[in-house]
Structure formats: structure tokens, C-alpha cells
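Structural overview for review
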Amino acid sequence: MTGHSETDRHARMMQALHAFGRSQRKGDPATPPIVSSVKFNLPGDPEAPFVYGRYGTPTLEATEAALGALEGAPVIGFPSGMAAVTAALFSSVKSGDRLLLPSDGYFAVRALIAEFLEILGVKADYVPTPALSTHSLGGYSLVWVETPSNPGLDICDLQRLASRTKLAGIPLIADNTTATPFLQPVLDLGADISICSDTKAVSGHGDALFGHVASRNEGFMARVRAWRKMSGSTPGPWESFLVQRGLQTLDVRLQRMCTNAKAVAELASNHAKIRNVRYPGLETDPCNALAAQQMSDFGFLVGLTFSDAATAEQFIEHTASIYPSTSFGAVHTSGERRARWGDAVPEGYVRLSVGCEPTSHLLRSLKDSLDAL
Ligand SMILES: Cc1ncc(COP(=O)(O)O)c(C=O)c1O
């Protein structure tokens, strides 16, 4: 697997873990303090490291430094993944622009464009994730990609797409929420801008809403920073603290989650009650080769298709080890039927977010539940 070498991503994880301690003086606290003050001592000339809470806080800065180490690029934090999506879009587009996006990605991105950008004269075309890398780029001012796509888990060839957007001179934004920057270095694979909802696996415990934008393009990041300052989309210190605490175990959590997800996908592939399984790590998955090319592991999301909605709901309801909820990426396994939100997947499609449970117990629980259907 070649997403980025093990040495590279582990070097970044080391940096993320030590990002805070390196800047300390004798007697400083070992973990970033939660600084909830919105006012900072500011007599005279208002040039200071911290000015006002909406512009940033020491806690947020510590979190951005750790996330920046993971990305290998400057990071700007936001109070949710959608706030990061909004910042990236509103910092990039202007009236008359035409955007190319995935038709099968996170639905709220399409809804945001339809409700708030189209009335400003921005147009958008949508094509399926795997087709993005070969789609004609003529007339577009920006390309958006999300891989693996949520909820269908299809994959786009990032390097191929990035080489074409570079040739066309248009920015490529990659939503890396489902893979995380640890498993898939989208900026190194050629994307200009990385977006991530850290609400999911990066914070990892389902207790904090957060998102970030990362890019090595200084001009773009200056606009994103200005967007945050003017729109007031600044994360609070409490969430910032939880994100930096959670991301310290990202490597170990993902190891267990990916191992569990692969075992769950294999179990499901061999079970008569399941019509179809999507997991990029299955050799039989149509995206397996591409996933192996650009990801360091295959992630923790598994798509299971049951014969119908009722069977899928019964499976979720009767499996003690599946917490019935939307969202994904936490330490416990959770699942939901995505058609209930109107996603273009079969009625019996369940998106499982596989957690950190002991593997054999999780498998037994799922198998017992499948057998009982
Ligand atoms: C791929 C993707 N991008 C962005 C988001 C938005 O993140 P948040 O819920 O933190 O706003 C989500 C949420 O599910 C997502 O799945």
C-alpha cells in the first residue's frame, strides 16, 4: 500500500504527539490548557499573539498545530466539518463559476451549494466518484472530490485527477473525512486543499464537533482565515481540547478499527443474508487496487446491503454491538440505513462504522445477529 510510506505517516504522528510539548518553558502544563477567555491583555498597539476569542485561542492553536503535523501543512480549524466545507467553498468561488463535484458524496455539500451558492450565480455539475478522474474539466473553476465516498465507499484516483486539475490550472479540494489524513495524504497525492470533519475518526469519541481546512497555498489560507474571522466560524476551546486529545490515539484506534472492519467485511461476504458488501480492503471490491494505491489502510466503514429496509433495520436493532446512530468514526461500532436520509443507495444498505471493540467479540455478536435474521 502506497498512500504514504509508513515512515512518513509515523513521522507525522510523532510530530502531532509532540507538537505541544516542544514549545514549552520549564513549569508549563503537559497538555494544552483549556483557555476559555475571549479577552486577552491588549493595551496600546493591538498586535499580539492572541487578541480576541473569535480570532483564535491558545487551545485552538495547539489543536491546529497537531492537525497540521498530521497533514504536513498549515491547518485552520472550524466548529464542524460543514463549517470547514463552507469556508473552503466561500473562499474559492465567485459568481459565474462552474464546479465539478461527486454525485455520491456527503449530501449536505450538494444541499449547501443548491441553497446558498446557486442563487449567487454558481453552477455545479455532479458525476459519480470513480468517473471524476477522467471527466472533462473544460469550463470548470474548481473540482471537489471525496474518497472513499460517503456512503457508497467508491474511490477516485486522486493522483490521476490531481495531475489533470493541475494541467487545467484549477484547484482540487479533497474531503478526506472517511479516510483521515493519517490513512490518506491527499495533499501529497496532489490535492490543493484538504478538508476533514474531525467530528469523526480524528477526534474519535463522538463527543466533539470540529472540522479543518489544510493547504500549502498561502494565498488561499489567508482567505480562509479571513473568512473565519469575519463569519465568526471559530471553534471553541473545549472542542479544540477534545480534538487534540482524541487525535493522539488516532494511529492505534485506526489500527484496531481497520483490522475489525476487514474482518467484518469478510464475515459479511460469506453470509447468505447479505446481498452485497462494499469495503475497499476486500480483494473482490471494485475499488481494491485503487485503494491500495493511495491509502495506507482501507478504513473503518463497511457497506452492507440486505434484501430490504426491514431486514436491514432488524439487523441494526437486534445487534447489541451496533449503536444505532448517524455519524461515524467513534470507538464503538455504529450503523444506520442511509436510504432513510434519501441517499442514492439501496433501501437495505447499511453503513457500518466499525469501532475498536475486541475483534472476536465483535465478530461473534455480528454473526449471531446475522444468523438470527
Ligand atoms: C464526508 C463528510 N464530509 C463532511 C461532513 C460534515 O461534517 P460535520 O458533521 O462535522 O459537519 C460529513 C459528516 O458526516 C461527512 O461524512
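Not measured: the values here are computed from a predicted model.

1. Side note on the nonpolar core
Counting residues in hydrophobic clusters, the biggest one holds 60 residues, and the most contacted among them are V277, Y279, V302, L304, F306, F315 and L352. Among the secondary structure elements, those contributing two or more residues to this core are α1 (6-18), α2 (58-71), α7 (237-247), α8 (250-269), β9 (301-305), α10 (309-318), β12 (349-353) and α11 (359-371). Among the elements that make up this core, the one with the highest residue count is α8 (nine residues). Residue assignment places this core across two domains, with domain 1 (6-247) and domain 2 (250-371) each supplying three or more.

2. Observations concerning the sheet that holds strand β8 (residues 276-278)
Taken in spatial order, the five strands of this open sheet run β8-β9-β12-β11-β10, and their pairing is mixed. The open sheet terminates on both sides in strands that have one partner only, identified here as β8 and β10 (323-324). Pairing between β9 and β12: five bridges, direction antiparallel. Bridged to L304 within β12 is V350.

3. Describing the pattern of salt bridges
In this structure the tally under the stated criterion is 17 salt bridges. Across the salt bridge formed by D125 and R98, the nearest N and O atoms sit 2.9 Å from each other. Here the residue D125 occupies a position in strand β3 (residues 123-127), and R98 occupies one in strand β2 (residues 98-102), the gap between them amounting to 27 residues. With a closest N to O distance of 3.0 Å, R337 and E347 form a salt bridge. Residue R337 is found in strand β11 (residues 334-337), and its partner E347 is found in the loop between β11 and β12; the two are separated by 10 residues along the sequence. By relative accessible area, R337 is classed as buried at 11%. For E347, a relative accessible area of 48% translates into the label partly exposed.

4. A short note on the side chain of D175
Turning to its location among the elements, D175 is positioned in strand β5 (residues 172-175). The charged side chain of D175 is buried without a salt bridge, its nearest counter-charge being K200 at 9.5 Å. A polar atom in the side chain of D175 sits 2.6 Å from the side chain of T177. Discounting residues that sit within four places of it in the chain, D175 has contacts with V85, W144, V145, E146, T147 and I195.

5. Quick word on the packing of aromatic side chains
Aromatic ring pairs are described here by two measures, namely the spacing of the ring centres and the angle between the planes. With the rule as written, the count across this model stands at seven aromatic pairs. Relative to Y55, the ring of Y52 lies with its centre 5.8 Å away and its plane at 85°, an arrangement referred to as edge-to-face. When its relative accessible area of 37% is taken as the criterion, Y52 is described as partly exposed. Seen in terms of ring centroids, F306 and F315 are 4.9 Å apart; in terms of plane orientation they differ by 35°. Their pairing is tilted. Look at F306 and you get buried, because its relative accessible area is 2%.

6. Structural notes on the domain arrangement of the chain
Taken domain by domain, the chain holds domain 1 (6-247) and domain 2 (250-371). On the side of domain 2, 30 residues touch domain 1, which itself brings 35 residues to the contact. Carbon and sulfur atoms make up 61% of the area that domain 1 and domain 2 hide from each other, which totals about 2800 Å². Joining domain 1 to domain 2, the criterion identifies one salt bridge. Between R278 and D154 there is a salt bridge, with its nearest N and O atoms 2.9 Å apart. The tally of links between domain 1 and domain 2 comes to 14 residue pairs in polar contact (both at pLDDT 80 or more). Only α1, α5 (158-168) and α7 provide two or more residues apiece to the side of domain 1 that touches domain 2. For the side of domain 1 that touches domain 2, the leading source of residues is α1, giving three residues.

7. Quick word on the site of the ligand
Taken together, the residues surrounding the ligand are S80, G81, M82, Y106, E146, N150, D175, T177, S197, T199, K200 and F328. Taking N150, its side chain carries an N or O atom lying 2.8 Å from an oxygen atom of the ligand. Measuring from a nitrogen atom of the ligand, one finds a side-chain N or O atom of D175 at 2.7 Å. In isolation the ligand exposes 390 Å². Once the protein is present, 92% of that is buried. When each cavity is represented as a set of grid points, the ligand is found to reside in the largest pocket. When grouped by side-chain class, the residues that make up the shell around the ligand number three nonpolar, six polar and three charged.

Criteria and thresholds
Residues numbered from 1 in each chain as written. Predicted model: local features only at pLDDT ≥ 70, side-chain atom pairs only at ≥ 80, totals over all residues. Heavy atoms only, no water. Core = buried A, V, L, I, M, F, W, Y, C linked by side-chain atoms within 4.5 Å. Buried < 20%, exposed > 50% of the residue type's maximum accessible area, 1.4 Å probe, protein only. Helix = DSSP H or I, 4+ residues; strand = E, 2+ residues; numbered from the N terminus. Domains from an automatic or database assignment. Pairing = 2+ DSSP bridges. Salt bridge = Lys/Arg side-chain N within 4 Å of Asp/Glu carboxyl O. Lys, Arg positive; Asp, Glu negative; His and termini not counted. Polar contact = N/O pair within 3.5 Å; in protein donor to acceptor, adjacent residues only side chain to side chain. Contact = heavy atoms within 4.5 Å. Phe/Tyr/Trp six-rings, centres within 6.5 Å; stacked < 30°, edge-to-face > 60°. Buried area = accessible area lost by both parts, 1.4 Å probe. Near = heavy atom within 4 Å. Areas by Shrake-Rupley, 256 points an atom, 1.4 Å probe, with all protein chains shown as cover. 1 Å grid on protein atoms, 1.4 Å probe; cavity = no way out; pocket = protein on both sides within 12 Å on 5 of 7 lines; lining within 4 Å. Sits in = over half its atoms within 2 Å of the grid points. Nonpolar A, V, L, I, M, F, W, Y, C, P; charged D, E, K, R; others polar.

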